[in-house]
Amino acid sequence: MKLPTPLRASHVWKLVGLAGAMGVAATGVLVARGERQRRAYSPDEIRSVLHERYTQAYAKQSEQEVLELEPAPNAVRRRIEKLFRRRN
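Residues numbered from 1 in each chain as written. Predicted model: local features only at pLDDT ≥ 70, side-chain atom pairs only at ≥ 80, totals over all residues. Heavy atoms only, no water.

Which parts of the structure should I look at to understand the side chain of T55?
Along the chain, T55 falls in helix 2 (residues 43-61). Residue T55 is classed as buried on the basis of its relative accessible area, which comes to 14%. At a separation of 2.7 Å, a polar atom in the side chain of T55 contacts the main-chain carbonyl oxygen of E52. (Helix = DSSP H or I, 4+ residues; strand = E, 2+ residues; numbered from the N terminus. Buried < 20%, exposed > 50% of the residue type's maximum accessible area, 1.4 Å probe, protein only. Polar contact = N/O pair within 3.5 Å; in protein donor to acceptor, adjacent residues only side chain to side chain.)

It is not clear to me how the pattern of salt bridges should be interpreted in this structure. Could you clarify?
Close approach of charged atoms allows side chains of opposite charge to pair. A complete count under the given rule lists two salt bridges for this structure. For R47, the salt bridge is made with D44, and the minimal N-O distance between the two is 2.7 Å. Note that R47 and D44 are positioned in helix 2 at a spacing of three residues, about one turn of the helix. Assessed through its relative accessible area of 56%, D44 is described here as exposed. In this structure, R85 and E81 form a salt bridge, with 3.8 Å as the shortest nitrogen-oxygen distance. Of the two residues, R85 and E81 are both situated in helix 3 (residues 74-87); the distance of four residues between them amounts to about one turn of the helix. (Salt bridge = Lys/Arg side-chain N within 4 Å of Asp/Glu carboxyl O.)

Can you walk me through helix 2 in this structure?
Here helix 2 spans 27 Å end to end across 19 residues, near enough to the 27 Å set by a 1.5 Å rise per residue. The first or second residue beyond helix 2 is E63, which carries a positive phi of 60 degrees. (Expected span 1.5 Å × (residues − 1).)

What am I meant to see in the packing of aromatic side chains here?
Each aromatic ring pair is characterised by the separation of its centres together with the angle its planes make. Counting across every chain of the model gives one aromatic pair. With a centroid separation of 6.1 Å and 25 degrees between ring planes, the pair formed by Y54 and Y58 is classed as stacked. In this pair, Y54 and Y58 both sit in helix 2, four residues apart, roughly one turn of the helix. In this structure Y54 comes out as partly exposed when scored by relative accessible area, which is 47%. The exposure class assigned to Y58 is partly exposed, which follows from its relative accessible area of 36%. (Phe/Tyr/Trp six-rings, centres within 6.5 Å; stacked < 30°, edge-to-face > 60°.)

Structure, rendered in structure tokens:
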């Protein structure tokens, strides 16, 4: 019966490098999947979820059950758009 030969140092480092490359590839796959899931939402859906989270957090802080958001006046929105246009 023949005993297996012990691993040489070069073989060990090759295995470590291969394991590292596999880890990087697996991480890339997970990041790509997460990015695809994030991009599946429309901007309106994201905005509504963020508004909902904000109202819940504000209600908890001010100890209120429900807080209604008022839409921002168009004048404020136009001012903000002007500022961004000037900077570009």
